[in-house]
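# Examining the three-dimensional arrangement
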Amino acid sequence: MPDKERVLPQIKLKYFHNKPDKGQKPVKYDKPCYYCKRKFEKVGSVLDAYSDRPKMVCEDCAIWAYKQQEGFRTKKAAAARRRRMFDVNYLFQELIIGLYLQNNDLHSINELPDEVFEKIMEQAKDVYNSFYSKEAKVKIEELETQDEVERELTKALPFINL
Ligand SMILES: [Zn+2]
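Just so it is clear, the model here is predicted, and its values are computed rather than measured.

### Observations concerning the coordination of the zinc ion
Note on metal sites: the ideal angle is 109.5 degrees for four tetrahedral donors, and 90 or 180 degrees for six octahedral donors. Taken together, the protein ligands of the zinc ion are C33 (SG), C36 (SG), C58 (SG) and C61 (SG), with distances of 2.3 to 2.4 Å. Taken together, the 4 donor atoms coordinating the zinc ion span angles of 103 to 116° at the metal, a pattern that classifies the geometry as tetrahedral. Counting residues between consecutive donors of the zinc ion along the chain gives the motif C-x2-C-x21-C-x2-C. With C36 in the segment before β1 (43-47) and C58 in strand β2 (residues 55-58), the pair connects residues that are 22 residues apart, well separated along the chain.

So this is what it looks like as structure tokens:
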């Protein structure tokens with residue numbers, strides 16, 4: 001049973017600058033948040049996503065729902081833990097990007113051709129899902145330090161084929 005009060009430190013991203021949604025197109029939502037009924041810019045989660053009536057939930061309410069569902073004691077602890085589900089994935093992508101840059105004597109992510117970037121994203125997803133079980137992913141997400149997370153993710157890097 002994980003500690004429901006622990007606030008996991010935030011993963012520091014190097015290439016995505018902690019703004020992983022930056023590259024996404026802004027989407028205009030004509031409907032307010034399904035829970036709080038307020039207008040919002042950042043989607044936290046989508047309920048009934050695959051139905052013909054998906055319900056959009058704002059980030060704040062998504063964290064609140066996650067807190068209730070997972071039994072966290074504080075919103076801060078829930079937000080930090082929830083953040084990890086995304087950031088561990090981004091960190092894995094970044095490790096692969098770093099490796100590719102190093103192996104090809106490139107110095108910036110801007111030097112990556114689009115097709116290589118797309119291939120990296122694809123491989124990151126495939127290898128992450130095949131190398132780690134559901135339980136292993138949870139364990140990684142709940143590691144305290146970024147060093148520990150990186151050490152664990154590095155084990156899957158040999159299976160990347162670029
Ligand atoms: Zn809301």
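Back to the write-up after that little detour.
### Notes on the packing of aromatic side chains
Scanning all chains against the criterion turns up 7 aromatic pairs. For the ring pair F16 and Y90, a centre distance of 6.0 Å and an interplane angle of 70° mean the geometry is edge-to-face. A residue pair is termed long-range when its members are at least 10 positions apart, and F16 in the segment before β1 and Y90 in helix α2 (residues 75-103) qualify at 74 residues. No difference in accessibility class separates F16 from Y90, as the two residues are buried. When the centroid spacing of 5.2 Å and the interplanar angle of 45° are considered together, the rings of F131 and F159 count as tilted. Of this pair, F131 sits in helix α3 (residues 114-131) while F159 sits in the segment after α5 (146-154); the two residues are 28 residues apart in sequence, bridging distant segments of the chain. On the basis of relative accessibility, which here comes to 32%, the residue F131 falls in the partly exposed class. Sitting over the ring of Y34, K37 keeps its end group 5.2 Å from the ring centre.

### Remarks on a negative patch on the surface
Together, D114, E115, E118, E122 and D126 line one region of the surface with negative charge. Of note, E122 is situated in helix α3. For E122, a relative accessible area of 52% puts it in the exposed group.

### Quick notes on the packing of α2 against α5
For the pair α2 and α5, interaxial distance at closest approach is 10 Å and the crossing angle is 60°. Relative to α5, the element α2 is oriented oblique. As for the relative orientation of α2 and α5, their crossing is right-handed in sense. Touching R84, V88, L91, F92 and L95 of α2 are Q146, V149, E150, L153 and T154, all from α5. For the contact of α2 with α5, the per-class residue count stands at 6 nonpolar, 2 polar and 2 charged.

### Description of the confidence of the model for the chain
Across the chain, pLDDT averages 90, with 91% of residues at or above 70. Here β1 stands out as the least confident element of the chain, with mean pLDDT 88; α5 is the most confident, with 98.

### Here we look at the nonpolar core
In this structure, F92, I96, I97, L112, I120, V149 and L153 are the most contacted members of the largest nonpolar core, which totals 26 residues. If you list the elements that add at least two residues to this core, you get α2, α3 and α5. Considering each element in turn, this core owes the most residues, 9 residues, to α2. Within the second largest apolar cluster, 6 residues are counted, among which are C33, F40, V57 and C61.

About the cut-offs
- Residues numbered from 1 in each chain as written.
- Predicted model: local features only at pLDDT ≥ 70, side-chain atom pairs only at ≥ 80, totals over all residues.
- Heavy atoms only, no water.
- Donors = N, O, S within 2.8 Å, 3.2 Å for Na, K, Ca; no water.
- Tetrahedral: all angles 85-135°; square planar, octahedral: opposite > 155°, others 65-115°.
- Helix = DSSP H or I, 4+ residues; strand = E, 2+ residues; numbered from the N terminus.
- Phe/Tyr/Trp six-rings, centres within 6.5 Å; stacked < 30°, edge-to-face > 60°.
- Buried < 20%, exposed > 50% of the residue type's maximum accessible area, 1.4 Å probe, protein only.
- Lys NZ or Arg CZ within 6 Å of the ring centre and 35° of its normal.
- Patch = residues over 30% accessible without salt bridge, like charges linked within 9 Å, V, L, I, M, F, W, Y side chains within 5 Å.
- Areas by Shrake-Rupley, 256 points an atom, 1.4 Å probe, with all protein chains shown as cover.
- Salt bridge = Lys/Arg side-chain N within 4 Å of Asp/Glu carboxyl O.
- Lys, Arg positive; Asp, Glu negative; His and termini not counted.
- Charge placed at Lys NZ, Arg CZ, Asp CG, Glu CD.
- Axes fitted to C-alpha atoms, helices over the stretch in contact; angles between N-to-C directions.
- Parallel < 35°, antiparallel > 145°, perpendicular 65-115°, else oblique.
- Left-handed = near helix turned anticlockwise from the far one by under 90°.
- Contact = heavy atoms within 4.5 Å.
- Nonpolar A, V, L, I, M, F, W, Y, C, P; charged D, E, K, R; others polar.
- pLDDT = per-residue confidence, 0-100.
- Core = buried A, V, L, I, M, F, W, Y, C linked by side-chain atoms within 4.5 Å.

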